[in-house]
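Now for the letters of each chain:
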Amino acid sequence: MPMTLGVLSVTADIHRPCSARTLSSGSDSAAPRKQHMLTDRFLIEFDKALRTLFAPAASLRQRPGSDEPEASFSYHERAHAGALMRINHVGEVCAQALYQGQALTCRDPQVRQALEKAANEETEHLAWIEHRLSELGGRTSLLNPVWYLGALGIGIAAGKLGDPWSLGFLAETERQVEAHLDHHLKELPSQDNRSRAIVEQMRLDEIAHAETAMRLGARQLPASAIKAMRLASQTMTHTADYL
């Protein structure tokens, strides 16, 4: 009897449609593959965060102002230039997190590619500022992990709203960063050509990022959202000036 049941079982499996057997097999293997993909993605994104916060950034482009002679500063001028560049560094840390969060949740591969390209340029900005801070005897913000996590959450939330709104958030962010950098160009000591060259190139890159977002279909944000973004930026700027 057991042998008969075994034969019947094998016979039933043989006569079962091939597509049914394939579907069953595919379902059994799909879940582990998906889990592996999610784990790999998490490790990649976690590595990006660690590199942004704790590893020296790298740049493929030559550092702006590297051929300029170092200026002479008073104690207060050097401290002021260092504080301005520290604030700029916080902005670039936040940009990395924003782009990372938006890329995680965007739907259009072309948009994701644009976000990743912009993030690479922001990494170069980090490298330039870190080098300049070292030259000035300054330091980065003690709250960088906090800024990063907050910006990452905002980026993920913006991406969840859909690509047009996410791009609109990106474009408005870059417009506000452009205005912020314009202000820093006025605030930096007049003789600090090295810092000025870095800030000016960053400004040009941010303008290009905003233009790319508009070209890809960015939507105009409501006035209330723009006001909230400015308030958050001012809070970050004032805090990073000291911490």
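Residues numbered from 1 in each chain as written. Predicted model: local features only at pLDDT ≥ 70, side-chain atom pairs only at ≥ 80, totals over all residues. Heavy atoms only, no water.

A. Expanded view of the nonpolar core. Within the largest apolar cluster, 18 residues are counted, with the highest numbers of intra-cluster contacts made by Val90, Cys94 and Phe169. For this core, the secondary-structure elements that each account for two or more residues are helix H3 (75–105), helix H5 (144–160) and helix H8 (223–240). With six residues, the top contributor of residues to this core is H3. Not counting residues up to four positions away in its chain, the partners in contact with Phe169 are Leu98, Gln102, Ile154, Ala158, Leu221 and Met229. The next biggest cluster of nonpolar side chains, apart from the first, holds 15 residues, and it includes Ala71, Ala81, Ile129 and Leu181. (Core = buried A, V, L, I, M, F, W, Y, C linked by side-chain atoms within 4.5 Å. Buried < 20%, exposed > 50% of the residue type's maximum accessible area, 1.4 Å probe, protein only. Helix = DSSP H or I, 4+ residues; strand = E, 2+ residues; numbered from the N terminus. Contact = heavy atoms within 4.5 Å.)

B. Quick look at helix H4 (residues 109–136). The terminal C-alpha atoms of H4, which comprises 28 residues, lie 41 Å apart, in line with the 40 Å expected from a rise of 1.5 Å per residue. Near the N-terminus of H4, the side chain that reaches the backbone nitrogen of Gln110, with its oxygen 2.8 Å away, is that of Asp108. A positive phi of about 75° marks Gly137, the residue just after H4. (Expected span 1.5 Å × (residues − 1). Polar contact = N/O pair within 3.5 Å; in protein donor to acceptor, adjacent residues only side chain to side chain.)

C. Region of interest: H8. In a regular helix each residue adds 1.5 Å, so 18 residues correspond to 26 Å; H8 covers 26 Å between its end C-alpha atoms and thus fits that length. Those residues of H8 lying buried are Ile226, Met229, Met236, Thr237 and Ala240. Down the axis of H8, the smallest arc covering the buried residues is 100°, so these residues share one side. Of the exposed residues in H8, those oriented more than 90 degrees away from the buried face are Ala223, Ser224, Lys227, Leu231 and His238. Residues of H8 that are buried sit in contact with H3, H5 and helix H6 (163–187). (Arc of directions from axis to C-beta.)

D. Here's a closer look at the side chain of Ser195. Structurally, Ser195 is set in helix H7 (residues 193–215). If sequence neighbours within four positions are ignored, Ser195 has contacts with Met85, Arg132, Leu136 and Leu188.

E. Focus on the side chain of Ser166. Structurally, Ser166 can be placed in helix H6. Filtering out sequence-adjacent residues up to four positions away, Ser166 remains in contact with Gln102, Ala158 and Gly159.

F. Expanded view of the pattern of salt bridges. Evaluation of the coordinates by the stated rule reveals 12 salt bridges. Among the salt bridges present, the one from Arg61 reaches Glu124, with a minimum N-O distance of 2.6 Å. Of this pair, Arg61 sits in the loop between helix H2 (18–54) and H3 while Glu124 sits in helix H4; the two residues are 63 residues apart in sequence, bridging distant segments of the chain. The partly exposed category is assigned to Arg61, whose relative accessible area is 30%. Looking at Glu124, the relative accessible area reads 8%, which means it is buried. With its nearest N and O atoms 3.1 Å apart, the salt bridge here joins Arg175 to Glu172. With Arg175 and Glu172 both in helix H6 and three residues apart, this pair spans about one turn of that helix. (Salt bridge = Lys/Arg side-chain N within 4 Å of Asp/Glu carboxyl O.)

G. Summary view of the environment of Glu70. Note that Glu70 resides in the loop between H2 and H3. Take Glu70: its relative accessible area is 33%, and that puts it in the partly exposed class. As for Glu70 and Gln191, which are separated by 121 residues in sequence, their C-alpha atoms are 8.9 Å apart. When near neighbours in sequence (up to four residues on either side) are disregarded, Glu70 contacts Arg132, Glu135 and Arg194. Engagement of the side chain of Glu70 in a polar contact is seen with the side chain of Arg132, the distance being 2.8 Å.

H. Fine view of a nonpolar patch on the surface. Among the surface-exposed residues, Leu142, Tyr242 and Leu243 lie close enough to one another that they form a single nonpolar patch of about 370 Å² accessible area. If you trace the backbone, Leu142 turns up in the loop between H4 and H5. (Patch = residues over 30% accessible without salt bridge, like charges linked within 9 Å, V, L, I, M, F, W, Y side chains within 5 Å. Areas by Shrake-Rupley, 256 points an atom, 1.4 Å probe, with all protein chains shown as cover.)

I. Local environment of the packing of H3 against H4. At a closest axis distance of 9 Å, the pairing of H3 and H4 adopts a crossing angle of 160°. By the criterion of interaxial angle, the relationship of H3 to H4 is roughly antiparallel. The interaxial crossing formed by H3 with H4 has left-handed handedness. Considered class by class, the residues forming the contact of H3 with H4 number 13 nonpolar, seven polar and eight charged. (Axes fitted to C-alpha atoms, helices over the stretch in contact; angles between N-to-C directions. Parallel < 35°, antiparallel > 145°, perpendicular 65-115°, else oblique. Left-handed = near helix turned anticlockwise from the far one by under 90°. Nonpolar A, V, L, I, M, F, W, Y, C, P; charged D, E, K, R; others polar.)

J. Expanded view of the environment of Met85. Tracing the chain through its elements places Met85 in helix H3. Of the residues examined, Met85 reaches a relative accessible area of 0% and is grouped as buried. Between the alpha carbons of Met85 and Leu136 there is a distance of 9.4 Å; along the sequence they are 51 residues apart.

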